[in-house]
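So the chains spell out like this:
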Amino acid sequence: MPSTKRFQHVIETPEPGKWEEPEGGLVVLSGGGTSGRMAFLMSVSFNQLMKGLGQKPLYTYLIAGGDRSVVASREGTEDSALHGIEELKKVAAGKKRVIVIGISVGLSAPFVAGQMDYCMDNPAIFLPVLVGFNPVNMARCGASYLAVSSFSRSCCSSLRNDPIEDWSSTFRQIAERMQKLQEKQEAFVLNPAIGPEGLSGSSRMKGGSATKILLETLLLAAHKTVDRGIAASQRCLLEILRTFERAHQVTYSQSPKIAALMKQASSSLEKKGRVYLVGWQTLGIIAIMDGVECIHTFGADFQDVRGFLIGDHSDMFNQKAELINQGPQFCFSQEDFLTSILPSLTEIDTVVFVFTLDDNLIEVQTLVEQVKEKTANIQALAHSTVGQSLPTPLKKLFPSIISIMWPLLFFEYEGNFIQKFQHELSTKWILNTVSTGAHVLLGKILQNHMLDLRIRNSKLFWRALAMLQRFSGQPKARCIETLLQVIHFPQPLSDDIRASPISVHIQTAHEKEQVIPIALLSLLFLCSIPEAQVHLAAAPSVCEAVRSALTGPGRKRSVDPLESLEPALL
């Protein structure tokens, strides 16, 4: 296992249980959005593992936009390659051996691309590892530097070699360069095929889970290799991978209860209530991730689905000061929940408590009792090991409990961490299912397309344009003209605006709601923006508004526009 062996050189110790920093060793996990939050979670986990073994932690993380992006939706920050490089230089200063694991599910984030390029230019210190789930020839073309007016006159294939806005190479060129260096083990590209997302482009789901499984397997095997002083075998990797397979079986045995929770969450949102996900320890990180990702995925308000972390998080963040007094959307702690959320809870809100039976159950019970005074819509997601049972007083507080019972693991020191990883992955699957399904029931999704996503970075800009083309059947130039009209409405669309870089349009679109459905209705009805807004306001949901337009008078009924869609890419 070449990548495992190279990792060993950074973390190897003279004697088991004793760690000396090997020539300034460091492992950096980096990404934007969901990938950056996964980098944060895994750096926390593996630093905890090293501390538990009496070793000095050597992991750190980078997320586009800094620590505020862990707890809030700031997807636009991943569009800068230079930002990624500057952040990497800061954390690697003075280090002599640095592995940089850049995570970009669709091989698309400029933040990661710049770091990979920089690592390859400095091979004496850096070993770049690119993790994603698209073939390299499908890596992002990176056309964000182009003026939109010139794009509308070009064909899609010409984009394959256009550079990133603030960089001289495309992501594809960088990935291809890494592939060549992989032959000499000076770079690695880990991009197994996992197929398209169930919800087109929603890489928080399958892509996020696959990232977690792949890297936790690799890193845990590498630590085991170092401690035992033997090479990692395929059997070792398969043993770890099979624990995740079992996690899948155990989790989805609870499908009926997961579906019931999904309907409850949707009911709260439909009534203009809120859904709060309250998790203990790293399960709280999973809860935060799920809530944050609903904002750009479904065009949700930051208050609709929110996660909170119960427990000490003082040593988790790189720059915790970035999160202090930054406004309500950056609130995520136990204190924040008690002071800002609990007093304003209503009977239409839903609160989901996520914990293990190894957590402080008295603390869990106290908080549940406080919440139950405000709303009866409470649910528990409780992880236990064979032989453990939920105390009766706590159990009686919940009308429904998703109880995940885990078998005992007979691994050595890594057994506790494998169980921890299983809890996290299981929780992620359940919360992703609940929040996604709730928004499907609200009419935010047409088949598997996110019609109401917020355009917060260049990747989402191009995805929006692709959806307009596919659903409307209109020429590319017409679609991009309409998209820009909606983004800048009510300002007239001048030639200067058309010629602006995409970053300018994204900045304007960042906080605008329902940009895509309004643009699509304008294209389908051949009407003005105000008229499209009226059509949307009169419909019970975004999905119904578009479905009605697609099947209304004057539209061809013989072919479903969705049947001709190209396979979804990550």
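Rules behind the numbers
Every chain's residues receive numbers from 1 upward, in the order its sequence appears when written. Local features in this predicted model are restricted to residues of pLDDT 70 or higher, and side-chain atom pairs are both shown and tallied only at a pLDDT of 80 or more, whereas totals for entire chains, interfaces and linings draw on every residue. Side-chain measures were taken over the full set of non-hydrogen atoms in the model, leaving aside hydrogen atoms and water. Each helix is a run of H or I in the DSSP string that is no shorter than four residues. Each strand is a run of E no shorter than two, and both are numbered from the N terminus. Exposure categories follow from relative accessible area, calculated using a 1.4 Å probe and restricted to protein chains: below 20% of the type maximum is buried, above 50% is exposed, and the middle band is partly exposed. Residues are treated as being in contact if the distance between any of their heavy atoms lies within 4.5 Å. Here, a strand pair is defined by DSSP locating no fewer than two bridges between the strands. Axis lines are fitted to C-alpha atoms, over the contacting stretch for helices. Their N-to-C directions set the angle, which ranges from 0 to 180 degrees. Side-chain atoms within 4.5 Å link the members of a nonpolar core, which is a set of buried Ala, Val, Leu, Ile, Met, Phe, Trp, Tyr and Cys residues. Seen with its strands pointing away from the viewer, a crossover is right-handed when the path leading from the first strand over the helix to the second is clockwise. Patch definition: residues with relative accessible area over 30% and no salt bridge; like charges joined within 9 Å; nonpolar side chains (Val, Leu, Ile, Met, Phe, Trp, Tyr) joined within 5 Å. We get accessible surface area from the Shrake-Rupley algorithm with a probe of 1.4 Å; when it comes to residues, only the shown protein chains can shield them. What makes a salt bridge here is a side-chain nitrogen of Lys or Arg within 4 Å of a carboxyl oxygen of Asp or Glu, nothing more.

The name an unreviewed UniProt entry assigns to the chain is Glucokinase regulatory protein isoform X5, from the organism Vulpes vulpes.

Student: What is the right way to look at unusual backbone geometry in this model?
Tutor: For residues other than glycine, phi is negative in most cases, and the peptide bonds are mostly trans. The omega angle of the peptide bond from F489 to P490 is 10 degrees, so this bond is cis rather than trans. Inspection of the secondary structure puts P490 in the loop between α17 (476–488) and α18 (495–498). Even without a glycine there, the phi angle at K272 is positive, about 70 degrees. Within the secondary structure layout, K272 lies in the loop between α10 (255–270) and β6 (275–280). Of note in this structure, Q514 is not a glycine but carries a positive phi near 60 degrees. Tracing the backbone shows Q514 in the loop between α19 (502–509) and α20 (515–525).

Student: Can you walk me through α20 in this structure?
Tutor: Residues spaced three or four apart along an α-helix point in a common direction, a consequence of the helix completing one turn every 3.6 residues. In terms of burial, α20 is a largely internal element, 10 of the 11 residues being buried. Tucked inside the fold, the buried residues of α20 contact α16 (458–472), α17, α21 (529–538) and α22 (542–551). Following α20 by one or two positions, L526 adopts a phi angle in the positive range, close to 55 degrees.

Student: Any chance you could explain the sheet that holds strand β10 (residues 401–406) here in plain terms?
Tutor: Strands sit in the order β7-β6-β8-β9-β10 across an open sheet of five strands; the sheet is parallel. Each edge of the open sheet carries a strand with a single partner, namely β7 (305–310) and β10. Going from strand to strand, the sheet's axes swing by 15 degrees on average, the running direction of each strand aside. Together, β6, β7, β8 (350–356) and β9 (378–385) form the strand contacts of helix α13 (residues 361–372), whose direction differs from that of β8 by roughly 175 degrees.

Student: Sorry if this is basic, but what is going on with the nonpolar core here?
Tutor: Buried together is how nonpolar side chains tend to be arranged in soluble globular proteins. Formed by 124 residues in total, the largest nonpolar core has its most connected members in I101, I455, F461 and L483. Beyond its immediate chain neighbours, meaning those up to four positions away, I101 contacts V27, V28, L29, S30, V129, V131, L215 and L219. With 29 residues, the next largest nonpolar core counts A92, L107, L130 and A187 among its residues.

Student: Explanation requested: the pairing of strand β4 (residues 126–131) in the structure shown.
Tutor: With six of six residues buried, β4 is to be regarded as a mostly interior element. Pairing analysis gives six bridges linking strand β3 (residues 97–103) to β4, with the strands arranged parallel. The partner of V100 across the bridge, within β4, is P128. Chirality of the crossover, the property in question, places the unit of β3, helix α5 (residues 110–121) and β4 among those that are right-handed. Where β4 meets strand β5 (residues 188–190), three bridges bridge the pair, whose relative direction is parallel. Paired with V129 across the strands is F188, a residue of β5.

Student: Got a minute to help me understand the pairing of strand β2 (residues 59–63) in this structure?
Tutor: Two faces, one strand: in a regular strand the side chains alternate between the faces of the sheet. Across the five residues of β2, five count as buried, placing the element largely inside the fold. Burial of the side chains of β2 extends over both faces: Y59, Y61 and I63 are buried on one face and T60 and L62 on the other. The pairing of strand β1 (residues 25–31) with β2 spans five bridges and is parallel. Across the sheet, the residue bridging to L29 is Y61, located in β2. Viewed along the sheet, the connection from β1 through helix α2 (residues 34–52) into β2 turns out right-handed.

Student: When you look at a nonpolar patch on the surface in this model, what are you seeing that I'm missing?
Tutor: Together, V386, M405 and L408 make up a nonpolar patch on the protein surface, roughly 270 Å² of accessible area in all. With respect to the secondary-structure elements, V386 resides in the loop between β9 and α14 (392–395). Looking at V386, the relative accessible area reads 49%, which means it is partly exposed.

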